[in-house]
Amino acid sequence: MDALKKYCIDFLQTQKFDALALGVLRFEDNSFTCFQLEKSPPLIFESGEKIYFDLASLSKPLTNSLAFFSEPERLGPEGELLLNHRGGLPAWGLLPKRGWKEIIKSFPIKESQTLYSDYSALRFMLEFNEKKGPSLHEVAQMTWDKEVLFWKDLQDEHRTIQYGYARGKPNRAKVHDPNAYNIDDYVPHAGLFGTVSGVCRTLLNFEQKFNLVAQMENALSRPHERFVFGWDTVADPNNTLAGNGCGSRTFGHLGFTGTSIWIDPVKKLGHVLLTNATKNFWHDKQRLNAFRKGLGEHIWQKK
């Protein structure tokens, strides 16, 4: 991990954000290694106070995909379309705190081309919760590690870092996503916070309970759309944010705040990247994406 730490330190020193965490998962022996960094000067906390990062859209597979694997009987064909962003709902729009459910429910579900959609993730929750059984939140919590939390459950002892500004003040312990903030209640499209070790343990729990890696490898060995069981996939292994050198069956997800998960089911290897890339601005992720690619390439080649 020393080479990876140096690579991450060198990158972080050139960025306008100031925190980064990396975990590398080995599914063959159900293990992971991880570290977190902060600038001024870079310090490595391997057993110190852990940072809870805003996971952003990593919330989707860590919630909706978990629900699919946990209780597939509660999903009909429409539920699978919503899970995989093929239900014909708009991608995004600013929602109010009151009446947002009615807005989301007003759109007909109809099979469509893939359109990555926060509305689709929200509708998935509404449809799931209408079926008899535990709520989506309750189902997902059964697999989450204790260091993965809904943002409203953060306490003073959970150390967070800045993600932009909210009402002119630095945003530290509040979700960065505006709809998750406006709704001010549990939603699955964004809103989870977690430590890098907590996310890694959650993924290993996911694997142990539902055989995630083998099931995804099997599904991805057949022709498929972009999203499979709620996970994004790699279109071109030679040009991907997962990093060159991953296999064609690699799956994962990105988060707006500068987070990502990628898993190669053939190599049985994965990695988790957490950052606060939206500390000062959000629109320029060119260097972050170049780093994502280089980081993945380094990890896949070491297998």
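So, here's what we can say about the structure. Only a predicted model underlies this, so the values are computations on that prediction, with no experimental measurement involved. (Residues numbered from 1 in each chain as written. Predicted model: local features only at pLDDT ≥ 70, side-chain atom pairs only at ≥ 80, totals over all residues. Heavy atoms only, no water.)

## Concerning the pattern of salt bridges
Right, so step 1: Considering all chains together, one arrives at 18 salt bridges under this definition.
Right, so step 2: For arginine 74, the salt bridge identified is with glutamate 71, shortest N-O distance 3.0 Å.
Right, so step 3: Exposure remark for glutamate 71: the relative accessible area of 16% places this residue in the buried category.
Right, so step 4: Residue arginine 201 is joined to glutamate 147 by a salt bridge in which the shortest nitrogen-to-oxygen separation is 3.1 Å. Pair noted here: arginine 201 is in helix 8 (residues 196-210) and glutamate 147 is in the loop between helix 6 (136-141) and strand 5 (148-150), with a separation of 54 residues, a long-range link.
Right, so step 5: A relative accessible area of 25% means that arginine 201 is categorised as partly exposed.
Right, so step 6: Given the relative accessible area of 10%, glutamate 147 is considered buried.
Right, so step 7: Salt bridges sharing common partners tie together Lys50, Asp145, Glu147 and Arg201. (Salt bridge = Lys/Arg side-chain N within 4 Å of Asp/Glu carboxyl O. Buried < 20%, exposed > 50% of the residue type's maximum accessible area, 1.4 Å probe, protein only. Helix = DSSP H or I, 4+ residues; strand = E, 2+ residues; numbered from the N terminus.)

## Here's the deal with helix 10 (residues 286-301)
Right, so step 1: Helix length check: helix 10 (16 residues) gives 23 Å between terminal C-alpha atoms against 22 Å at 1.5 Å per residue, within 8%.
Right, so step 2: Those residues of helix 10 that sit buried are Leu288, Phe291, Arg292, Gly294, Leu295, Gly296, Ile299 and Trp300.
Right, so step 3: The secondary structure elements touched by the buried residues of helix 10 are helix 1 (2-12), strand 1 (19-26), strand 11 (251-255), strand 12 (259-264) and strand 13 (269-275). (Expected span 1.5 Å × (residues − 1). Contact = heavy atoms within 4.5 Å.)

## Here we look at the state of the cysteines
Right, so step 1: As enumerated under the stated definition, the model contains zero disulfides in all.
Right, so step 2: Sulfur of cysteine 8: no disulfide; nearest cysteine sulfur belongs to cysteine 34 and is 12 Å away.
Right, so step 3: Under the relative-accessibility criterion, cysteine 8 is labelled buried at 0%.
Right, so step 4: Unpaired in this structure, cysteine 200 has its nearest cysteine sulfur neighbour in cysteine 34, at a distance of 5.7 Å.
Right, so step 5: Given the relative accessible area of 0%, cysteine 200 is considered buried. (Disulfide = S-S within 2.5 Å.)

## Topic: the side chain of threonine 259
Right, so step 1: Positionally, threonine 259 belongs in strand 12.
Right, so step 2: The contact partners of threonine 259, leaving out residues within four places of it in the chain, are Asp54, Leu55, Leu58, His253, Leu254, Leu273, Leu274, Thr275 and Arg292.

## Comments concerning the sheet that holds strand 10 (residues 232-233)
In any sheet, the strands associate via hydrogen bonds between backbone groups, in a parallel or an antiparallel arrangement.
Right, so step 1: Across the sheet, which stays open at both edges, the seven strands sit in the order 3-2-1-13-12-11-10 with antiparallel pairing between neighbours. Two strands bound the open sheet, and with one partner strand each, they are strand 3 (43-44) and strand 10.
Right, so step 2: Here helix 9 (residues 212-220) sits on the sheet in contact with strand 10, strand 11 and strand 12, set at roughly 105 degrees to strand 11. (Pairing = 2+ DSSP bridges. Axes fitted to C-alpha atoms, helices over the stretch in contact; angles between N-to-C directions.)

## A look at the side chain of histidine 137
Right, so step 1: Here histidine 137 is to be found in helix 6.
Right, so step 2: Given a relative accessible area of 15%, histidine 137 falls into the buried group.
Right, so step 3: The residues contacting histidine 137, other than those within four sequence positions of it, are Trp144, Phe150, Asp153 and Tyr186.

## Remarks on the packing of helix 2 (residues 59-70) against helix 8
Right, so step 1: Their axes nearest at 11 Å, the elements helix 2 and helix 8 cross at an angle of 10 degrees. In terms of their interaxial angle, helix 2 and helix 8 are classed as roughly parallel. Between helix 2, through Pro61, Leu62, Ser65, Leu66, Phe69 and Ser70, and helix 8, the contact on the second element is made entirely by Thr202, Leu203, Phe206 and Phe210.
Right, so step 2: Here the residues of the contact of helix 2 with helix 8 sort into seven nonpolar, three polar and no charged. (Parallel < 35°, antiparallel > 145°, perpendicular 65-115°, else oblique. Nonpolar A, V, L, I, M, F, W, Y, C, P; charged D, E, K, R; others polar.)

## Overview of the environment of valine 213
Right, so step 1: Note on placement: valine 213 falls in helix 9.
Right, so step 2: For valine 213, a relative accessible area of 3% gives the class buried.
Right, so step 3: Sequence separation of valine 213 and asparagine 171 is 42 residues, and the distance between their C-alpha atoms is 36 Å.
Right, so step 4: Among residues more than four places away in sequence, those in contact with valine 213 are Phe27, Glu207, Ile263, Pro265 and Lys268.

## Description of the packing of aromatic side chains
Right, so step 1: Scanning all chains against the criterion turns up 18 aromatic pairs.
Right, so step 2: A centroid spacing of 3.9 Å and a plane angle of 10 degrees characterise the contact between phenylalanine 11 and phenylalanine 291, whose relative ring orientation is stacked. Taken together, the residues phenylalanine 11 in helix 1 and phenylalanine 291 in helix 10 connect sequence positions 280 residues apart. For the pair phenylalanine 11 and phenylalanine 291, one class covers both residues: buried.
Right, so step 3: The ring of tryptophan 151 is capped by lysine 152, whose NZ or CZ atom sits 5.1 Å from the centre of that ring.
Right, so step 4: Taking the ring centre of phenylalanine 256 as reference, the NZ or CZ of lysine 285 above it sits at 4.0 Å. (Phe/Tyr/Trp six-rings, centres within 6.5 Å; stacked < 30°, edge-to-face > 60°. Lys NZ or Arg CZ within 6 Å of the ring centre and 35° of its normal.)

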